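Structural overview
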Amino acid sequence: MTWEAFLAILTLSMVTGAAPEQRCMYDDVIQYLNISSEKPPPLRTIPKKNWKDPLKVEIQFILMSILSVTEKLQTVTVYFLVTMKWENVFATWNPQDFCNVSELVLPVDTFWSPYLIILEQVHEEKSLSRPFLSITHNGIVSTTQQHHVTIACNLEMHKFPFDTQTCSITLFSINHRDIILWSNQTTDEVTKTSQLIHLTSGEWKFTNINITKHEEFLAITYEISMKRRPILYILNLIFPSCALYLLDMTILFSSSSYEDKISFQLSLIIGESVLALILNDIIPTSSDDPPIIVMFFIGIFVLMTMGILETCLLMQLKKKPLHPILKAIKLLRCRKQARTTSGNLLSGQGDSLTEMARRQEESRDSSPLGKGNTELPMLTERINAEKQQIGTQAELQECESALLILDKVLYCSHFLLSLLFSIIVIVQWSSVMRTKCRF
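To start, this report covers the structure provided alongside it. (Residues numbered from 1 in each chain as written. Predicted model: local features only at pLDDT ≥ 70, side-chain atom pairs only at ≥ 80, totals over all residues. Heavy atoms only, no water.)

**Comments concerning the sheet that holds strand S6 (residues 140–152)**
- The sheet built from six strands is open, its strands ordered S3-S5-S6-S2-S1-S8 with mixed pairing. The sheet is open, and its two edges are formed by strand S3 (103–107) and strand S8 (179–182), each paired on a single side. Pairwise comparison of adjacent strand axes, ignoring direction, gives a mean angle of 30° for this sheet. (Pairing = 2+ DSSP bridges. Helix = DSSP H or I, 4+ residues; strand = E, 2+ residues; numbered from the N terminus. Axes fitted to C-alpha atoms, helices over the stretch in contact; angles between N-to-C directions.)

Pasting the structure below:
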């Protein structure tokens with residue numbers, strides 16, 4: 001009985017054949033797809049059955065970092081990732097035939113993959129490796145490309161350093177007739193994802209990424225909005241400039257000599273020139289709309305120069321008290337009152353001298369030796385000289401008074417002009433900050 005059972009099992013195995021060997025290795029799938037490394041890959045063309053039908057490639061964009069912004073050259077260097085997905089109808093298999101192997105990771109040159117072009121790119125892209133792609137059993141191929149590129153961007157510097165810039169990255173394929181680029185990402189999704197994965201926290205912070213699809217060009221544009229963190233420029237440029245100008249105003253209104261004022265003011269202008277050179281290395285050389293900070297520096301230079309000119313004018317007028325300018329100011333004063341006061345003073349002193357001369361003349365006539373006395377002409381000359389000296393002193397006093405009035409007028413006008421300039425700059429930058437907050 002046992003021998004008969006053994007013969008029956010042996011006969012059955014010979015009839016049905018041996019049990020099939022299971023294929024559970026990745027190499028089995030590669031052999032099935034005929035893409036082994038021993039043979040040249042046969043699937044290097046665009047994977048579509050009908051050449052008239054374009055291949056749809058899905059794009060997913062993630063901004064990783066804003067590396068640098070060069071205002072002089074109007075360029076921005078960014079680092080971002082682009083994930084592409086498309087269907088390869090010639091690379092499919094049944095997972096059940098391969099122990100449920102449903103996905104493979106292969107070298108990127110195993111199959112055809114899209115080649116993307118960045119429209120705004122100005123420098124050669126740094127080579128970043130993307131050695132692999134993944135493919136699923138139903139033919140969905142995906143790969144992620146790393147891009148470290150420098151792009152051209154129209155930077156508006158009018159609101160510097162409180163500016164917000166918008167730069168574009170346009171992706172399209174060289175095979176635009178055979179490929180359709182599309183994206184199912186929304187603006188909120190790509191913005192939140194990029195903010196979550198953003199690597200750097202430097203001078204610039206991106207606030208929003210807007211997606212624009214160009215159906216006529218079969219391209220996708222990502223508009224990156226970014227705002228500048230202005231604290232560094234406030235501490236290095238704006239605050240020192242304000243401090244130097246306040247020192248200039250303090251020296252201008254101080255009681256120091258005019259020579260000392262001029263030397264201090266020239267030193268402050270030299271310090272302001274150093275700050276202007278720093279700003280010149282940042283701002284582009286050509287701009288249709290001058291930045292507010294440039295107008296701020298120009299205004300400070302003009303006011304400082306006006307302060308030096310005012311001090312030089314007052315110093316020259318002090319050395320020449322009978323200058324025509326002082327005489328003109330003296331005429332603008334209450335001329336009648338000043339002259340009446342001077343006339344009373346001269347008439348009083350003249351009467352006293354005349355009375356003295358009269359008494360001396362009477363004593364000379366009464367004296368027997370008075371006939372040939374020569375003191376009277378000398379006394380008359382003395383009276384005339386004293387009258388002329390008194391008139392000159394009065395005129396000098398009036399000129400000094402006019403100089404003080406001119407000094408006060410110039411300083412007050414300088415202060416009012418500085419106040420007006422400060423109000424204009426504050427209003428301009430306040431409007432910029434309100435716009436920035438609304439954004």
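**Comments concerning the sheet that holds strand S9 (residues 204–214)**
- Read across the sheet, four strands follow the order S4-S7-S10-S9 without closing on themselves; strand pairing throughout is antiparallel. Because the sheet does not close on itself, it has two edges, and the strands there are strand S4 (116–118) and S9. For this sheet, the mean inter-axis angle between neighbouring strands, taken without regard to orientation, is 25°.
- As judged from the eight bridges shared by strand S7 (residues 164–173) and strand S10 (residues 219–228), these two strands associate in the antiparallel manner. The residue of S10 that forms the bridge with glutamine 165 is methionine 226.

**A few points about helix H4 (residues 231–252)**
- Across its 22 residues, H4 extends 30 Å between first and last C-alpha, which sits within 8% of the 32 Å expected from 1.5 Å per residue.
- Taking the largest bend as the criterion, H4 deviates by roughly 30°, centred on phenylalanine 239, and proline proline 240 comes between one and four positions later.
- Residues of H4 that are buried include every one of Tyr233, Leu237, Ile238, Ser241, Leu244, Tyr245, Asp248, Met249, Ile251 and Leu252, and no others. (Expected span 1.5 Å × (residues − 1). Bend = angle between axes of the 7 residues up to and from the residue. Buried < 20%, exposed > 50% of the residue type's maximum accessible area, 1.4 Å probe, protein only.)

**A look at the pattern of salt bridges**
- For the structure shown, the criterion picks out three salt bridges.
- Put simply, arginine 228 and glutamate 203 hold a salt bridge, and the shortest N to O gap is 2.5 Å. Separated by 25 residues along the polypeptide, arginine 228 in strand S10 and glutamate 203 in the loop between helix H3 (187–197) and S9 bring together distant segments of the chain.
- A network of salt bridges, in which partner residues are shared, links Glu71, Asp163, Glu203 and Arg228. (Salt bridge = Lys/Arg side-chain N within 4 Å of Asp/Glu carboxyl O.)

**Comments concerning the pairing of S10**
- Counting buried positions along S10 gives eight out of 10 residues, so the element sits mostly inside the fold.
- Where S9 and S10 come together, 10 bridges link them in antiparallel fashion. Within the sheet, the bridge partner assigned to histidine 214 lies in S10 and is alanine 219.

**Regarding a nonpolar patch on the surface**
- Together, Phe253, Phe415, Leu416, Leu419, Ile423 and Val427 make up a nonpolar patch on the protein surface, roughly 570 Å² of accessible area in all.
- Tracing the backbone shows phenylalanine 415 in helix H9 (residues 375–438).
- The partly exposed category is assigned to phenylalanine 415, whose relative accessible area is 43%. (Patch = residues over 30% accessible without salt bridge, like charges linked within 9 Å, V, L, I, M, F, W, Y side chains within 5 Å. Areas by Shrake-Rupley, 256 points an atom, 1.4 Å probe, with all protein chains shown as cover.)

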